[in-house]
Amino acid sequence: MNPELGNFALALACCMAAGQAILPLIGASRRDARLMALAPALAVGQMIALITSFACLIHAAITNDFSVQNVAANSAVSKPLLYKITGVWGNHEGSVLLWAMILSICGGAVALFGRNLPSALQARVIAVLGGVAAGFELFCLTTSNPFARVWPAPMDGQGMNPLLQDPGLAFHPPILYTGYVGFAVPFAFAIAALIEGRVDAAWGRWVRPWAVAAWCFLTCGIAMGSWWSYYVLGWGGYWFWDPVENASLIPWLTGTALVHSAIVVEKREALKIWTVLLAIGTFSFSLSGTFLVRSGILNSVHAFANDPARGVFILGLLALVIGGSLLLFAIRAPQLTTGGLFAPVSREGLLVLNNILLCSICAVVLTGTMYPPFMSLLFGKTISVGKPFFDATTIPLAIPLMVFMGFGPMMPWKRAQMWPVLRRLWWAACVTGVALVAATFQMREILPVLATATAVWVICSSVADIAERLRLFRQPLGQSWQRARSLPRAVFGAALAHAGVGIVVLGIAGMSQAAHRIVEVHVGQSEMLAGDSWTLTDVKPAEGPNYTALVATIEVRHNGRLVTTLHPSKRTFASQHQTTTEVAIHTNLMADIYGVLGDKHGDDANPTYVLRLHYNPLAPWMWLGGLIMALGGALSLSDRRVRVGAPRRAKTVDVVVAQ
């Protein structure tokens with residue numbers, strides 16, 4: 001496998017994507033079964049070509065082919081094998097190729113697993129995916145070719161950014177990108193529905209599993225990125241409201257709204273136009289995040305490059321995809337039927353409120369993220385919008401969102417009465433009240449107190465929902481067990497995902513009470529933090545595969561009893577002339593004991609070392625909650641009634657736009 005083969009496979013994939021974007025659309029408009037039948041074959045062919053291209057790039061990295069500019073700039077002979085592989089997508093060119101490959105896999109999945117779709121709808125969906133893929137593949141070939149050669153080839157490469165040489169990088173970007181790109185499938189369904197002029201319960205059933213799958217991957221990707229920043233960057237935090245972090249949060253918020261509104265379309269054939277707009281908006285935000293990261297507009301530690309040519313190309317692609325889809329929406333959406341009516345106090349009503357609050361948070365985050373670059377572009381002023389702004393604007397919206405989240409699963413469809421719902425949630429309200437009182441005595445500020453109470457409310461209401469469905473303690477346990485076996489797994493998945501949200505919020509509230517100190521100590525000196533004694537007992541050099549290190553030994557004792565021994569270190573990478581910190585963390589799932597080794601001061605005879613010491617209560621719950629949320633979504637997807645068995649459409653003549 002050589003770079004020429006990879007480049008050829010990429011060009012072949014681009015040609016197949018162009019055909020995939022054009023021929024099935026013509027076939028669907030003319031009702032030509034032969035042209036429509038080309039869609040799955042072209043999608044699978046494009047997927048195979050891009051997988052081959054990506055495999056060739058990985059092979060070049062593993063074999064140290066430094067004649068490939070991407071490998072020479074991001075790899076080295078001494079780099080461990082794992083990081084040679086992960087370095088393929090730890091840069092601009094490789095990450096765009098990864099994006100294109102995942103998009104082709106999505107198209108191949110629709111081709112292989114969408115055989116129960118009407119042929120015209122499947123052809124249009126695959127064609128839309130092909131059009132987007134062709135744009136990214138053309139971008140790879142013209143301005144970001146990962147197979148570009150360098151001559152003469154260097155004997156060794158420059159190596160990868162040491163901050164990225166971490167096992168978390170092996171999973172975080174692919175999972176995050178799968179979440180980003182996965183929303184291309186609901187987007188394609190939305191465009192196909194607008195062309196066809198039809199959205200119904202079957203459409204909602206077809207869209208929902210793709211949206212849930214993308215949401216699960218994006219949730220995992222964001223959680224893993226937060227965990228990576230926590231244990232790699234060494235500053236003790238988990239979320240800095242960095243612009244690129246926000247770029248992943250924005251589509252997650254609208255994607256969460258999409259998942260919930262698709263349920264309303266499926267169950268009640270309502271919110272059709274809104275759901276189509278959410279599908280377009282979520283993928284548009286994913287594309288916008290790509291543009292912001294790679295154009296150099298955002299000042300972020302995550303940004304890959306500042307290249308005007310790349311920025312202009314992506315901006316053009318962005319304008320074509322987003323502008324074209326919104327124009328089509330403006331023209332065709334009024335022709336879609338509005339669907340069923342419902343009372344404000346109903347499950348549909350709470351889902352609408354859920355959507356409003358999620359989109360309001362999204363608007364706030366988007367404004368805070370884009371305001372600085374727009375001010376710089378229009379007025380030449382350099383400003384920053386940081387944590388105080390985002391905390392002050394998002395938390396007041398998030399708290400009522402969580403309050404209403406507890407009521408939603410209990411509400412009947414179409415019309416409901418509040419009193420029966422409140423009666424079923426009485427014990428959850430009591431536990432929440434106890435948590436509110438306890439938090440008031442333990443925490444210093446009002447927002448963490450409210451966050452703790454609402455988190456407990458969401459968790460308890462999720463448990464109450466399942467208990468009510470099983471009629472737990474109101475009938476023999478054997479009958480409750482039989483009811484549990486007959487309940488759809490999607491019900492348990494939704495309750496698990498909601499409980500995961502509550503666990504994440506409890507972790508955030510706990511972290512607001514974290515204690516930390518920055519101290520400068522001699523070897524053998526002790527410092528107190530959070531009731532524990534932290535003693536620096538030793539500092540010694542060590543050798544790694546492509547770095548040298550200084551490793552500290554810190555003993556943490558409570559009332560004289562050894563709690564843990566930490567070994568934070570500083571690593572120096574000679575090829576990159578860069579030094580990184582390696583955090584040491586001890587956790588018991590209730591709190592993290594977290595130590596960082598800083599600079600060395602003084603002479604070798606009597607040196608002192610800077611230490612950053614943290615005690616972070618409930619910190620593990622943030623990532624545990626994110627994992628539980630994703631598992632809830634996966635459990636819902638495991639329900640066959642969600643993945644297949646969409647209701648058959650009524651036999652009516654398809655509405656086709658004249659070409």
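Up top is the structure these notes are about.
Thresholds applied
Residues numbered from 1 in each chain as written. Predicted model: local features only at pLDDT ≥ 70, side-chain atom pairs only at ≥ 80, totals over all residues. Heavy atoms only, no water. Helix = DSSP H or I, 4+ residues; strand = E, 2+ residues; numbered from the N terminus. Rg over C-alpha atoms; globule rule 2.2 N^0.38 Å. Buried < 20%, exposed > 50% of the residue type's maximum accessible area, 1.4 Å probe, protein only. Contact = heavy atoms within 4.5 Å. Areas by Shrake-Rupley, 256 points an atom, 1.4 Å probe, with all protein chains shown as cover. Axes fitted to C-alpha atoms, helices over the stretch in contact; angles between N-to-C directions. Parallel < 35°, antiparallel > 145°, perpendicular 65-115°, else oblique. Left-handed = near helix turned anticlockwise from the far one by under 90°. Pairing = 2+ DSSP bridges. Nonpolar A, V, L, I, M, F, W, Y, C, P; charged D, E, K, R; others polar. Expected span 1.5 Å × (residues − 1). Polar contact = N/O pair within 3.5 Å; in protein donor to acceptor, adjacent residues only side chain to side chain. Salt bridge = Lys/Arg side-chain N within 4 Å of Asp/Glu carboxyl O. Core = buried A, V, L, I, M, F, W, Y, C linked by side-chain atoms within 4.5 Å.

Student: Help me understand the overall build of the chain, please; the structure alone is not making it clear to me.
Tutor: The secondary structure content of the chain amounts to 21 helices and 10 strands. On C-alpha atoms alone, the chain measures out to a radius of gyration of 27 Å, which is about the 26 Å that the 2.2 N^0.38 rule sets for 659 residues. By principal-axis analysis of the C-alpha atoms, the chain measures approximately 90 × 75 × 55 Å. Residues counted as buried form 55% of the 659 residues belonging to the chain. The contacts in the chain between residues at least 6 apart in sequence include a share of 73% that link residues at least 24 apart. Accessible surface, the chain: about 28,600 Å² in total, of which carbon and sulfur atoms supply 66%.

Student: Explain the packing of helix H16 (residues 426-442) against helix H17 (residues 446-470) here, please?
Tutor: The contact between H16 and H17 brings their axes to 8 Å, and the two run at 155 degrees. Classified by the angle between their axes, H16 and H17 sit roughly antiparallel to one another. The two elements H16 and H17 meet at a crossing, and its hand is right-handed. Contact residues: Trp427, Ala428, Ala429, Val431, Thr432, Ala435, Leu436, Ala439 and Thr440 in H16; Val449, Thr452, Ala453, Val456, Trp457, Cys460, Ser461, Val463 and Ala464 in H17.

Student: Whenever I open this one, the sheet that holds strand E8 (residues 584-587) confuses me. Can you help?
Tutor: In a beta sheet, neighbouring strands are held together by backbone hydrogen bonds and run either parallel or antiparallel to one another. Strand order in the open sheet made by the four strands is E1-E10-E9-E8, with antiparallel pairing throughout. A single partner strand is all that each edge strand has here, and the edge strands are strand E1 (515-521) and E8. Here the average twist between neighbouring strands, direction ignored, is 15 degrees. Pairing analysis gives nine bridges linking strand E9 (residues 591-601) to strand E10 (residues 608-617), with the strands arranged antiparallel. Each bridged residue has a counterpart across the sheet, and for lysine 600 the counterpart in E10 is tyrosine 609. Contacting E8, E9 and E10, helix H9 (residues 201-232) crosses the sheet at an angle of about 115 degrees to E8.

Student: Help me understand the packing of helix H2 (residues 33-62) against helix H5 (residues 92-113), please; the structure alone is not making it clear to me.
Tutor: How two helices sit against one another is set out by the angle between their axes and by the gap between those axes. Put simply, H2 and H5 touch, their axes get as near as 8 Å, and they point 150 degrees apart. When the axis of H2 is compared with that of H5, the two are roughly antiparallel. Seen along the crossing, H2 lies across H5 with a hand that is left-handed. In contact with Pro40, Ala43, Val44, Gln46, Met47, Leu50, Ile51, Ser53, Phe54 and Leu57 of H2, H5 contributes Gly94, Leu97, Leu98, Ala100, Met101, Ser104, Ile105, Gly107, Gly108, Ala111 and Leu112. Across the contact of H2 with H5, the residue classes tally to 15 nonpolar, six polar and no charged.

Student: Would you mind going over helix H1 (residues 3-30) with me for this structure?
Tutor: In an α-helix, one full turn covers 3.6 residues, which means residues spaced three or four apart are oriented alike. The end-to-end C-alpha separation of H1 is 41 Å, in line with the 40 Å expected for 28 residues at 1.5 Å each. Put simply, asparagine 2 is the residue that caps the front of H1, since its side-chain oxygen is 3.1 Å from the backbone nitrogen of glutamate 4. After H1 finishes, the residue arginine 31 shows a positive phi value of roughly 60 degrees.

Student: Looking at this structure, how should I read the environment of isoleucine 466?
Tutor: Relative to the helices and strands, isoleucine 466 resides in helix H17. Using a relative accessible area of 15% as the deciding quantity, one classes isoleucine 466 as buried. Spatially, the C-alpha atoms of isoleucine 466 and phenylalanine 492 are 7.3 Å apart, while their sequence positions differ by 26 residues. Residue contacts for isoleucine 466: discarding those within four places in its chain leaves Val491, Phe492 and Ala495.

Student: Please explain the environment of threonine 548 as it appears in this structure.
Tutor: Within the secondary structure, threonine 548 sits in strand E4 (residues 548-558). The class for threonine 548 is partly exposed, based on a relative accessible area of 36%. Sequence-wise, threonine 548 and threonine 572 are 24 residues apart; in three dimensions their C-alpha atoms are separated by 5.3 Å. Once residues within four sequence positions are removed from consideration, threonine 548 is found in contact with Ala542, Glu543, Lys570, Arg571 and Thr572.

Student: Which parts of the structure should I look at to understand the pattern of salt bridges?
Tutor: By the definition in use, this model includes 16 salt bridges. The closest approach of N and O atoms between aspartate 200 and arginine 198, which form a salt bridge, is 3.3 Å. Comparing aspartate 200 with arginine 198, the two get one shared label, buried. Between glutamate 555 and arginine 557 there is a salt bridge, with its nearest N and O atoms 3.2 Å apart. Using a relative accessible area of 23% as the deciding quantity, one classes glutamate 555 as partly exposed. The network of salt bridges with common partners includes Glu4, Asp65 and Arg149.

Student: Got a minute to help me understand the environment of asparagine 70 in this structure?
Tutor: As for its placement among the helices and strands, asparagine 70 is situated in helix H3 (residues 69-74). The spatial distance from the C-alpha of asparagine 70 to the C-alpha of alanine 247 is 25 Å, given a sequence separation of 177 residues. The contact partners of asparagine 70, leaving out residues within four places of it in the chain, are Leu57, Asn91, Glu93, Gly94, Pro146 and Ala148.

Student: What am I meant to see in the nonpolar core here?
Tutor: Burial of nonpolar side chains together is a common tendency in soluble globular proteins. Judged by nonpolar contacts, the single largest core of 139 residues is most densely connected at Phe189, Trp203 and Val276. Among the elements that line this core, the one with the most residues is helix H6 (residues 119-142), at 13 residues. Those residues in contact with phenylalanine 189 that sit more than four places away from it in its chain are Leu117, Leu121, Val125, Trp203, Trp206, Val207 and Trp210. With 16 residues, the next largest nonpolar core counts Leu536, Leu566, Ala584 and Leu597 among its residues.

Student: I tried to follow unusual backbone geometry on my own but got confused; where do I start?
Tutor: Leaving glycine out, the prevailing phi sign among residues is negative, and the prevailing peptide bond configuration is trans. Here tryptophan 151 and proline 152 are connected by a cis peptide whose omega angle stands at 0 degrees. Take proline 152: it is sitting in the loop between H6 and helix H7 (172-182). Its identity is not glycine, yet glutamate 269 carries a phi of approximately 50 degrees, on the positive side. Mapping glutamate 269 onto the fold places it in the loop between helix H10 (243-268) and helix H11 (272-295). On the accessibility criterion, glutamate 269 (32% relative accessible area) is partly exposed. Residue leucine 271 is not a glycine yet carries a positive backbone phi of 60 degrees.

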